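Structural overview for review
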Amino acid sequence: RVPASVVLLPVLAVLFLPRAHAAAPVADPEPANLDELVALALSRDPSALGSALDADAARSRSAGARQPMSPQLMIGADSLGVPMDDPDPTMWMGGVSQMLPGWGQLRAQSRRYAVEADRLAVDRERIAADLRLRLWQSSVRVDALQQEIALLDEQLGESEAIRQVALARYRNVPASSPGGGAMPGVPMPGESTEPTSSVSPPRVETSRSSSGGMPGMGGAGATSMTSRAPTSAMESGMESGGGAMPGSSRMGSEEALPGILRLDVTVERLRAERAALEARLLGEVTVLALFVGDAARIVAATPSRFRGTPPPGIPERKLAELDRVAANADLSLAQSRRRPDLMWSIAARAMPPHGEFAGVNASVGIVIPIWGGLGGDIAASRRGLAAAEARKAAVERDLAAAAATARASLEAAR
């Protein structure tokens, strides 16, 4: 017989073991276009999350601002003319009081919180527009860097091929005198076909660009190669037919060495520029991953897919208008607080030892703003409204300046 505990232990272990698929993290969906990429970045953005939570809090405050203040419960005892050692008080009292804000004050306060919630919602739209611009520009930069790297690879291959041809001709020319009658690159009878010149040009490896580089190679050290690779072997070097150096019967003379050295400089500069472009590309993808996570590799693989259209509106303009509306709501709230608040109370009195009901006290009062502080609040709110209107005008000016700058940049790029 098998004990029952031995049978139950495996069953309990299976029941209480955590399931693996429940703990597995849910992967983000792969975006297919710019809109989906922006939605992914917005769901991961801490600022957007904070704006959404602040908007929810402002809506909750707006709903609660319409409720009056809570009533106050009063309980007490009056002892009129009773000695201190008398165990029974003269009279017990219980009552309630309520403060009612002035007419329209609760509505104005609720409106102020509602405007704040609207502004936070538009601020989230601003964050989405900023992310859209950032991701759009990042995909274009990634595409441009990849194309520049491909162009540099082509230029590097052509320059390296030209250098190898020039170097082979330099080494295979016999070191004969100009009058020896030897043809460039052709061995004399009885000579070996191996290179007869024992002199090899020094290889140039430099990290600084040379001002005397090949034509179109950006001798000033450009970081972006947009020109074609040199199609001639050397500036002072070989003829197009592959013959010897002009004006000399020896390829290994002093006239051929500067051209080969310039080719060395060109090749090393192209390699350095390619390494710089690769570093910029890696940095661009790394920064992009901070916003979209693993989707950065999708953008790097097919950057042309993540181009789209601008957002339908300008969030900065909406924010400036909502700032003006909020300042106007502050002014309305300050004006409503000048209306007197109403306070009422009611209390009942009794003498429990004798079972007598002493009576009911009821009172009504108002709070009169006589010290002038509320007038100062109204003046401050009016100045705040004027400041919001000035900031709105500044936003319009900045938008016009940004549009003019963008048009100028577009024309320059064209």
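What counts and how
- Residues numbered from 1 in each chain as written.
- Predicted model: local features only at pLDDT ≥ 70, side-chain atom pairs only at ≥ 80, totals over all residues.
- Heavy atoms only, no water.
- Helix = DSSP H or I, 4+ residues; strand = E, 2+ residues; numbered from the N terminus.
- Buried < 20%, exposed > 50% of the residue type's maximum accessible area, 1.4 Å probe, protein only.
- Contact = heavy atoms within 4.5 Å.
- Areas by Shrake-Rupley, 256 points an atom, 1.4 Å probe, with all protein chains shown as cover.
- 1 Å grid on protein atoms, 1.4 Å probe; cavity = no way out; pocket = protein on both sides within 12 Å on 5 of 7 lines; lining within 4 Å.
- Points joined across faces, edges and corners; volume = space filled by probe spheres on them.
- Nonpolar A, V, L, I, M, F, W, Y, C, P; charged D, E, K, R; others polar.
- pLDDT = per-residue confidence, 0-100.
- Patch = residues over 30% accessible without salt bridge, like charges linked within 9 Å, V, L, I, M, F, W, Y side chains within 5 Å.
- Salt bridge = Lys/Arg side-chain N within 4 Å of Asp/Glu carboxyl O.
- Polar contact = N/O pair within 3.5 Å; in protein donor to acceptor, adjacent residues only side chain to side chain.
- Core = buried A, V, L, I, M, F, W, Y, C linked by side-chain atoms within 4.5 Å.
- Axes fitted to C-alpha atoms, helices over the stretch in contact; angles between N-to-C directions.
- Parallel < 35°, antiparallel > 145°, perpendicular 65-115°, else oblique.
- Left-handed = near helix turned anticlockwise from the far one by under 90°.

**Some details on the overall build of the chain**
Scanning the chain from N- to C-terminus turns up 9 helices and 4 strands. Along its sequence from the N terminus, the chain presents helices and strands in the succession α-α-α-α-β-β-α-α-α-α-β-β-α. A burial count over the chain gives 29% of its 414 residues as buried. The long-range fraction of contacts in the chain, counting pairs at least 24 apart against all pairs at least 6 apart in sequence, stands at 76%. Of the roughly 25,300 Å² of accessible surface on the chain, a fraction of 59% belongs to carbon and sulfur atoms.

**Observations concerning the layout of surface pockets**
The computed volume of the largest pocket comes to approximately 350 Å³. Together, A129, D130, R132, L133, W136, Q137, P310, P311, G313, I314, P315 and E316 line the largest pocket. Mapped by element, the contributors of at least two residues to the lining of the largest pocket are α5 (105-171) and α8 (315-336). The biggest single contributor to the lining of the largest pocket is α5, with 6 residues. Within the lining of the largest pocket, the residues separate by chemical class into 7 nonpolar, 2 polar and 3 charged.

**Quick notes on the confidence of the model for the chain**
Chain-level statistics for the chain give a pLDDT mean of 75 and a share of 69% at 70 or above. Confidence drops under pLDDT 50 across residues 4-24; counting only partners more than four residues distant or on other chains, this segment forms 1 contact.

**As for a nonpolar patch on the surface**
A contiguous nonpolar patch, built from L342, W344, I346, F357, V360, V364, I366, I368, I370 and W371 and spanning about 1,100 Å² of accessible area, is present on the exposed surface. Counting residues per element, the ones that place at least two in the nonpolar patch are β3 (341-351) and β4 (356-367). Looking at the nonpolar patch, the element that brings in the most residues is β4, giving 4 residues. Relative to the elements of secondary structure, V360 occurs in strand β4.

**Things to note about the environment of R132**
Take R132: it is sitting in helix α5. Since its relative accessible area comes to 12%, R132 is described here as buried. Along the primary structure R132 and V38 are separated by 94 residues, whereas in three dimensions their C-alpha atoms are 5.7 Å apart. Beyond its immediate sequence surroundings of up to four residues, R132 is in contact with L34, D35, V38, T309, P310 and P311. In terms of polar contacts, R132 uses its side chain to reach the backbone carbonyl oxygen of T309, at 2.6 Å.

**Side note on the nonpolar core**
Judged by nonpolar contacts, the single largest core of 18 residues is most densely connected at L37, L42, L135, L288 and V292. Broken down by element, this core gets its largest block of residues, 6 residues, from helix α3 (residues 34-44). Formed by 9 residues, the second largest nonpolar core is a distinct cluster that contains L145, L152, L270 and L277.

**Comments concerning α3**
Buried within α3 are the following residues: L34, L37, V38, L40, A41 and L42. Where α3 is buried, its residues contact α4 (46-64), α5, α6 (257-292) and α7 (295-301).

**Topic: the environment of A48**
Looking at the element boundaries, A48 is found in helix α4. For A48, a relative accessible area of 1% puts it in the buried group. Considering only alpha carbons, one finds A48 and L120, 72 residues apart in sequence, at a separation of 9.5 Å. Leave out the neighbours within four places in its chain, and A48 touches L42, R124 and I127.

**Topic: the side chain of S381**
Residue position: S381 is located in helix α9 (residues 373-413). When sequence neighbours within four positions are dropped, the list of residues in contact with S381 reads A327, D330, L331 and A334.

**Here's the deal with the environment of V299**
Its location among the elements puts V299 in helix α7. For V299 and D143, which are 156 residues apart along the polypeptide, the C-alpha to C-alpha distance reads 9.1 Å. Setting aside residues no more than four positions away along its own chain, V299 makes contact with L37, S139, V142, L288 and F306.

**Here's the deal with the packing of α5 against α8**
Remark: α5 packs on α8, axes separated minimally by 9 Å, with the N-to-C direction vectors making an angle of 165°. Viewed along their axes, α5 and α8 adopt a mutual orientation that is roughly antiparallel. Between α5 and α8 the crossing geometry is left-handed.

**Here's the deal with the pattern of salt bridges**
If you walk through the whole model with that rule in mind, you get 22 salt bridges. Between R126 and D123 there is a salt bridge, and its shortest N-O distance comes to 3.0 Å. Of the two residues, R126 and D123 are both situated in helix α5; the distance of 3 residues between them amounts to about one turn of the helix. On the accessibility criterion, R126 (23% relative accessible area) is partly exposed. Note that E284 is salt-bridged to R141, the shortest N-O span being 3.1 Å. Taken together, the residues E284 in helix α6 and R141 in helix α5 connect sequence positions 143 residues apart.

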